[in-house]
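Tertiary structure, described
Spelled out, the chains give:
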Amino acid sequence: MRVSTRAPLVVAFRQSARRRFGRLSGSSRSARKSSSAAPLNGTADGDAWDVRKMGNAMKNKVFNHLPPGMILVVMLFWAFGPASLLNNPWTLVVTSALITITILLLEKAHERHAGWRMDRREFFTDLFYNVMSASAIVWLTEKLADDPLKAAKASLGVTTEWAMHMPWLLQVALVVFLIEFGQYWMHRLMHNWAPFWLTHAPHHHITQLNAGKGAVGNPIELFLISLSVVALFDLQDTAIFAALNVLSVISTFAHANVRSDPPRWYAFFFTTIQNHSLHHSVDYENTRCNYGNSLILLDRIFGTYREGESALVGQDDRRRLSIWEQTIFPFQPIIDMIKARRKNGLSGSDLLAGGQPERDGSVGGAAAA
Ligand SMILES: [Zn+2]
Ligand SMILES: [Zn+2]
């Protein structure tokens, strides 16, 4: 009885698979048959191969739609979630962490490149930077940028209450645009002016991409890239938090080792791993494109968009920097200069007198291009 009730389903499943993917090519089918002693086994292998291929295609399809799917979930949560959660100041911290953890787990379920596989050293380095970004960098940005902006606005008597009365979706879109517009130009500046490149270069020294890698970099860069003018606008908290989480989903997927290539409509507006891995190319010239952290549309508008993808990422012959090396990286030219002076027997007063430094030009040299 069990066989007779299941059989039509199995036939339908196989027919569906064949409609989608066609029959096996003659060569591969005959190769499978020739490797099998019995023709019957060859047919069973072929059907199993069909089913496996269909399973893989389904898996790819599901993973390709995960980024827009997660954006939808985030938006629904902040729009219709229980008030007790939406009003809790820790909710944003938890949802942000959940986004990173979820995408980190997806790396295990559907890996993009074996060379980007997470190990213990990468995991704890990423964890360090993610915790620092969510704590010290957020605190610094509030104290040094957002609070002074709000104070200046108040002292000038400027009010932006109209923003609060815009449709909620429009408020989310405004926050996404304001943050991304600022980040785009800051990022572009970092790739075109040596002092700023020195702060950003550590992020480009990462030698693999993973869900937590977006937060890896020099603390000065992390502070600079987090600056925005959102504080000037009176907006609903949930709209700001929804926008932050949406940007988090997009930029985390754009750094993750997940085999997920979102639909074309998504990739037209939002940054994907393809766009961003090209930006992390080992060839410095190829890094000077696709500056949008999440909104690749800005690159399309301002002429910096470039098609492509890179499996090999890093700078400086793919030298991996330790946390300490990343921290002192912007000051490395000065440190090298002082060391060279000492080696050449020049005193501190000679240094102050302005003797010529001997630089090997290796640090930050790429930005001078
Ligand atoms: Zn960059
Ligand atoms: Zn990056």
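Summarised in this report is the structure supplied together with it. (Residues numbered from 1 in each chain as written. Chains lettered and ligands numbered in written order. Predicted model: local features only at pLDDT ≥ 70, side-chain atom pairs only at ≥ 80, totals over all residues. Heavy atoms only, no water.)

What to know about the coordination of the zinc ion (ligand 1)
In the first shell of the zinc ion (ligand 1), the protein supplies H187 (NE2), H191 (NE2), H200 (NE2), H204 (NE2) and H279 (NE2), at 2.1 to 2.2 Å from the metal. One chain supplies every donor for the zinc ion (ligand 1), spaced along it as H-x3-H-x8-H-x3-H-x74-H. Here the zinc ion (ligand 1) and the zinc ion (ligand 2) are spaced 6.0 Å apart. Of this pair, H204 sits in helix α10 (residues 194–204) while H279 sits in helix α14 (residues 273–279), placing them 75 residues apart in sequence. As far as the burial class goes, H204 and H279 line up, both buried. (Donors = N, O, S within 2.8 Å, 3.2 Å for Na, K, Ca; no water. Helix = DSSP H or I, 4+ residues; strand = E, 2+ residues; numbered from the N terminus. Buried < 20%, exposed > 50% of the residue type's maximum accessible area, 1.4 Å probe, protein only.)

Some points on the side chain of R112
Note that R112 resides in the loop between α6 (91–109) and α7 (120–155). You can call R112 buried: its relative accessible area is 6%. One polar contact links R112 to D261, side chain to side chain, over a distance of 2.7 Å. At a separation of 2.9 Å, a polar atom in the side chain of R112 contacts the side chain of E309. (Polar contact = N/O pair within 3.5 Å; in protein donor to acceptor, adjacent residues only side chain to side chain.)

Section: α10
An α-helical turn contains 3.6 residues, so any two residues separated by three or four positions project in the same direction. Most of α10 is tucked away, with 9 of its 11 residues classed as buried. Of the positions making up α10, those classed as buried are F196, W197, L198, T199, H200, A201, P202, H203 and H204. On its buried face, α10 sits against α9 (168–190), α11 (219–225), α14, α15 (284–287), α17 (323–328) and α18 (332–343). (Contact = heavy atoms within 4.5 Å.)

Some details on the coordination of the zinc ion (ligand 2)
Protein-derived coordination of the zinc ion (ligand 2) comes from H203 (NE2), H255 (NE2), H276 (NE2) and H280 (NE2), at a distance range of 2.1 Å. Taken in sequence order, the residues that donate to the zinc ion (ligand 2) follow the motif H-x51-H-x20-H-x3-H.

Here we look at the side chain of Q171
Position of Q171 relative to the elements: it lies in helix α9. Here the side chain of Q171 touches Q236 through a polar contact of 2.9 Å, landing on its backbone nitrogen. Leave out the neighbours within four places in its chain, and Q171 touches A163, M164, H165, M166, L235, Q236 and A239.

Quick look at the nonpolar core
Proteins that are soluble and globular tend to have nonpolar side chains buried together. Counting residues in hydrophobic clusters, the biggest one holds 38 residues, and the most contacted among them are I71, I103 and V172. Those elements giving two or more residues to this core turn out to be α4 (66–80), α6, α9 and α12 (237–254). Residue contributions to this core peak at 9 residues, all from α12. Among residues more than four places away in sequence, those in contact with I71 are V246, V249, I250, Y266 and F270. (Core = buried A, V, L, I, M, F, W, Y, C linked by side-chain atoms within 4.5 Å.)

As for unusual backbone geometry
Glycine aside, residues mostly have negative phi angles, and peptide bonds mostly take the trans form. Even without a glycine there, the phi angle at D316 is positive, about 55°. Relative to the helices and strands, D316 resides in the loop between α16 (297–302) and α17. Positive phi outside glycine occurs at D317, with the angle close to 55°. For D317, a relative accessible area of 81% corresponds to the exposed category.

Some details on the environment of H165
Inspection of the secondary structure assignment puts H165 in the loop between α8 (161–164) and α9. Relative accessible area serves as the criterion here: at 66%, H165 is assigned to the exposed category. Sequence spacing of H165 and Q236 is 71 residues, and the spatial spacing of their C-alpha atoms is 8.8 Å.

Focus on α4
Between its first and last C-alpha, α4 extends 21 Å over 15 residues, near the 21 Å set by a 1.5 Å rise per residue. Residues P67, P68, M70, I71, V74, M75 and W78 constitute the buried set of α4. Burial along α4 is one-sided: seen end-on, the buried residues are contained in an arc of 160°. More than 90 degrees from the buried face of α4, the exposed residues found are L72, V73 and F80. (Expected span 1.5 Å × (residues − 1). Arc of directions from axis to C-beta.)

Let's talk about the packing of α9 against α10
Where α9 contacts α10, the axes come no closer than 8 Å and their chain directions differ by 100°. Here α9 is positioned roughly perpendicular relative to α10, judged by the angle of their axes. The residues of α10 that touch α9, namely those facing M186, H187, L189 and M190, are F196, W197, T199, H200 and H204. In the contact of α9 with α10, the residues fall into 5 nonpolar, 4 polar and no charged. (Axes fitted to C-alpha atoms, helices over the stretch in contact; angles between N-to-C directions. Parallel < 35°, antiparallel > 145°, perpendicular 65-115°, else oblique. Nonpolar A, V, L, I, M, F, W, Y, C, P; charged D, E, K, R; others polar.)

Description of the pattern of salt bridges
Tallied over the full model, the rule gives 11 salt bridges. Of the charged contacts, one joins E122 and K213 as a salt bridge, the two residues approaching to 2.8 Å between their closest N and O atoms. With E122 in helix α7 and K213 in the loop between α10 and α11, this pair connects stretches of sequence that are 91 residues apart. An identical accessibility class is assigned to E122 and K213; each is buried. The closest approach of N and O atoms between R320 and E122, which form a salt bridge, is 2.8 Å. Taken together, the positions of R320 in the loop between α16 and α17 and E122 in helix α7 put the pair 198 residues apart, joining distant regions of the chain. The class for E122 is buried, based on a relative accessible area of 5%. (Salt bridge = Lys/Arg side-chain N within 4 Å of Asp/Glu carboxyl O.)

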